[in-house]
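Given next are the chains, with one letter for each unit.
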Amino acid sequence: MLPATFKLCAATSYRHLRNVSGLRTPAAAALGQELGRLSRRGAAPAAWIQQVRRRSSLLGSRLEEEPFSELERSYIRQGEEALQKSLRILGDQDGWKTETAAANGDKVLSKVLPDVGKVFRLEVVLEQPLDAVYGELVDRMEQMGDWNPNVQEIKILQQIGQDTVITHEKAAAAAGSIVGPRDFVSVRCARRRGSTCVLAGTATTFGAMPEQEGFIRAENGPTCMVLRPVSGRPSQTQLTWLLSIDLKGWLPKTIINQVLSQTQVDFANHLRGRLARTARSC
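What you see is a predicted model, and the numbers here were worked out from it, not measured in a lab.

Right, let's get into the overall build of the chain. Along the backbone of the chain there are 7 helices and 12 strands. The proportion of buried residues among the 282 residues of the chain is 39%. Counted over contacts in the chain with a minimum sequence separation of 6, partners at least 24 positions apart contribute 58%. Carbon and sulfur atoms make up 52% of the accessible area of the chain, which totals about 15,400 Å².

Next up, the structure:
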């Protein structure tokens, strides 16, 4: 018979495998049955260890090959395409016109793209390190309504892997209620490349979140935030936000342009306030 230690290891290993996301499958059950069979037969420890390694390797290979459903992979592709398109837009420095320029250096620029329409670009420097900013915008995304009055609510509808989420956002009425409440269903992805973080998104469809009564379903994207430490000042973060939104409904372009550029200015101010309060409480 196997020593009690190896029986315990077998039981612990099987419980661990069952708790790993995606392993509640016939393959995991078969592995558990095989471990039990070896234990009852009194197989030598070396044979048991070899069997565990072989079965775990095969199971791991299958999971790496097909970790997501086809629908989930399509969401991942949408997020990645939005990221790449946003970075191409931001990388083209020609044609940007200044919409607003604040005394503290905050700027909103815009330009018109043939296949997208008018896009807006916010450029600000925040007096907090990148990880603090990333935490508010990604890790605590669902709390954004607590500090940004332009957002009623953000909910994560589905997490896909480590970097992709489907979200539902309710935006408050704007411009003195001329622009009524909007909501958005988006796929968002986050990528960290060295010291730079890129947060991208675009409109998508999600069966469990149909259009909501009292809201016009607007569409965003491609949209993107780029975070990087300020050169020589790692305690500060440079944030660039590319905003592209189709608000839907009938609205004069002058109103749309005013709302979107002001939304970016307001966002920077509200984010600064949130970061300052969080820093003081630490």
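Further remarks concern helix H4 (residues 70–91). With 22 residues, H4 extends 31 Å from end C-alpha to end C-alpha; this agrees with the ideal 32 Å at 1.5 Å per step. Within the sequence span of H4, burial applies to Ser74, Tyr75, Gly79, Ala82, Leu83, Ser86, Ile89 and Leu90.

We now examine the pairing of strand E3 (residues 117–126). The buried fraction of E3 is high, at 7 of 10 residues. Bridge count for strand E2 (residues 107–113) against E3 is 7 bridges, and the pairing is antiparallel. Looking at the pairing, lysine 111 lines up with valine 119 of E3. Counting the residues between successive antiparallel strands, the hairpin from E2 to E3 contains 3 residues. Direction of pairing for E3 relative to strand E11 (residues 233–243): antiparallel, over a ladder of 7 bridges. Bridge pairing links phenylalanine 120 to leucine 243 in E11.

This brings us to the state of the cysteines. Taken as a whole, this structure holds 0 disulfides when the rule is applied. With no disulfide of its own, cysteine 224 lies 8.2 Å from the sulfur of cysteine 189, the closest cysteine sulfur.

What follows is about the pairing of strand E1 (residues 97–101). Burial within E1 is sparse, with just 0 of its 5 residues counted as buried. Here E1 runs beside E2; their pairing, made up of 4 bridges, is antiparallel. Within E2, the position partnered with threonine 100 by the bridge is valine 108.

The next point concerns the side chain of aspartate 106. Along the chain, aspartate 106 turns up in the loop between E1 and E2. A distance of 2.8 Å separates a polar atom in the side chain of aspartate 106 from a polar atom in the side chain of arginine 272.

Here we take up the confidence of the model for the chain. Residue-level pLDDT values for the chain average 82, and 75% of them are 70 or greater. Across residues 1–28 the pLDDT falls below 50, and counting only partners more than four positions away or on other chains, this stretch makes 34 contacts in the model. Contacts of residues 58–63 to residues separated by more than four positions or lying in other chains number 7 contacts, the stretch itself having pLDDT below 50.

Conventions we followed
Residues numbered from 1 in each chain as written. Predicted model: local features only at pLDDT ≥ 70, side-chain atom pairs only at ≥ 80, totals over all residues. Heavy atoms only, no water. Helix = DSSP H or I, 4+ residues; strand = E, 2+ residues; numbered from the N terminus. Buried < 20%, exposed > 50% of the residue type's maximum accessible area, 1.4 Å probe, protein only. Contact = heavy atoms within 4.5 Å. Areas by Shrake-Rupley, 256 points an atom, 1.4 Å probe, with all protein chains shown as cover. Expected span 1.5 Å × (residues − 1). Pairing = 2+ DSSP bridges. Disulfide = S-S within 2.5 Å. Polar contact = N/O pair within 3.5 Å; in protein donor to acceptor, adjacent residues only side chain to side chain. pLDDT = per-residue confidence, 0-100.

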